[in-house]
Amino acid sequence: MLKVETQAESSFFSSRSLEQTNDIGQQIARQLVFPSCVYLHGDMGAGKTTLTKSIIQAFGYEGAVTSPTYNLVQEYPVDQGIIYHMDLYRLEDPSEIEFLAVDDMWSERSLFLIEWPARAAGYLQKADCEIFISKASDKPQDTRDITLKLSS
Ligand SMILES: Nc1ncnc2c1ncn2[C@@H]1O[C@H](COP(=O)(O)OP(=O)(O)O)[C@@H](O)[C@H]1O
Ligand SMILES: [Mg+2]
């Protein structure tokens, strides 16, 4: 079982491969509802984009999912609405997010999946849930710990 433990507001998953991370993405997608704002936390290379891809695909999107590192936001239409995948790593100042007009993207049919939300601190809406991904240095290379935390 990939899912290790569930507490009131959190689920902990342990992945040992890309394939397991994809399964975890599908399990997480089943817990997400539209509209939601999800923050993804973790170092560079932790697996935020990889997990996001599997979440987007779990909602039925069949085209290519690419990292929005350069354009900051990428949109994916799915049956339930529109998934907006943002990667804010390249923001130099939080106020730069205003150019993206994120408020205009938000509706009852939106799902925000936001990497590096701290780069826009003070300018983003609160998260409905947060995902934390980490690569344990004392474990095999492809091992990842993934926590899903619902905001109270
Ligand atoms: N179990 C795993 N889960 C997720 N990614 C993994 C795993 N094992 C290896 N990787 C690799 O780690 C890298 C994660 O990169 P990426 O998803 O772009 O990270 P981030 O978006 O957090 O910077 C990819 O090259 C991926 O193939
Ligand atoms: Mg990324």
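If you're wondering where the values come from, they're calculated on a predicted model, not measured in any experiment.

(A) Up close: the overall build of the chain. Helices and strands together make up the secondary structure of the chain, namely three helices and eight strands. Counting from the amino terminus, helix and strand elements in the chain follow one another as β-β-α-β-α-β-β-α-β-β-β. Taken over the C-alpha trace, the chain has a radius of gyration of 15 Å; the compact-globule value for 152 residues is 15 Å, and the two agree within 12%. Principal-axis analysis of the C-alpha atoms places the extent of the chain at approximately 40 × 35 × 35 Å. Classification of the 152 residues of the chain by burial places 30% in the buried group. For the chain, the share of sequence-separated contacts (at least 6 apart) that also reach a separation of at least 24 residues comes to 64%.

(B) Up close: the site of ligand 1. The immediate surroundings of ligand 1 are formed by 15 residues, with T21, G47, K48, T49 and T50 found nearest. For the shell around ligand 1, the secondary-structure elements that each account for two or more residues are α1 (18-31) and α2 (48-58). The greatest single-element share of the shell around ligand 1, amounting to three residues, is contributed by α2. Among the residues forming the shell around ligand 1, the class breakdown is three nonpolar, eight polar and four charged.

(C) Fine view of the pairing of strand β3 (residues 36-41). Two strands pair when backbone bridges link them, and β3 and strand β6 (residues 110-115) are joined in this way by five bridges, in the parallel orientation. Across the sheet, L40 pairs through a bridge with E115, a residue of β6. Alignment of β3 against strand β7 (residues 129-134), held across four bridges, turns out to be parallel. Within β7, the residue paired with Y39 across the bridge is E130.

(D) Looking closely at α1. Counted at 1.5 Å a residue, the expected span for α1 with its 14 residues is 20 Å, and the 20 Å between its end C-alpha atoms agrees. For α1, the full list of buried residues reads T21, I24, G25 and I28. Around the axis of α1, the buried residues are gathered within 110° of arc, so they sit on the same side. Summarising the geometry of α1, the exposed residues directed more than 90 degrees from the buried face are E19 and R30. Lining the buried residues of α1 we find β2 (10-15), α2 and β8 (144-150).

(E) Focus on α2. Those residues of α2 lying buried are K48, L51, T52, K53, S54, I55 and I56. Note on α2: the residue one or two positions beyond its end, G60, has a positive phi of about 100°.

Rules behind the numbers
- Residues numbered from 1 in each chain as written.
- Chains lettered and ligands numbered in written order.
- Predicted model: local features only at pLDDT ≥ 70, side-chain atom pairs only at ≥ 80, totals over all residues.
- Helix = DSSP H or I, 4+ residues; strand = E, 2+ residues; numbered from the N terminus.
- Rg over C-alpha atoms; globule rule 2.2 N^0.38 Å.
- Buried ≥ 20, exposed ≤ 12 C-beta atoms within 10 Å, placed from the backbone.
- Contact = placed C-beta atoms within 7 Å.
- Near = placed C-beta within 6 Å.
- Nonpolar A, V, L, I, M, F, W, Y, C, P; charged D, E, K, R; others polar.
- Pairing = 2+ DSSP bridges.
- Expected span 1.5 Å × (residues − 1).
- Arc of directions from axis to C-beta.

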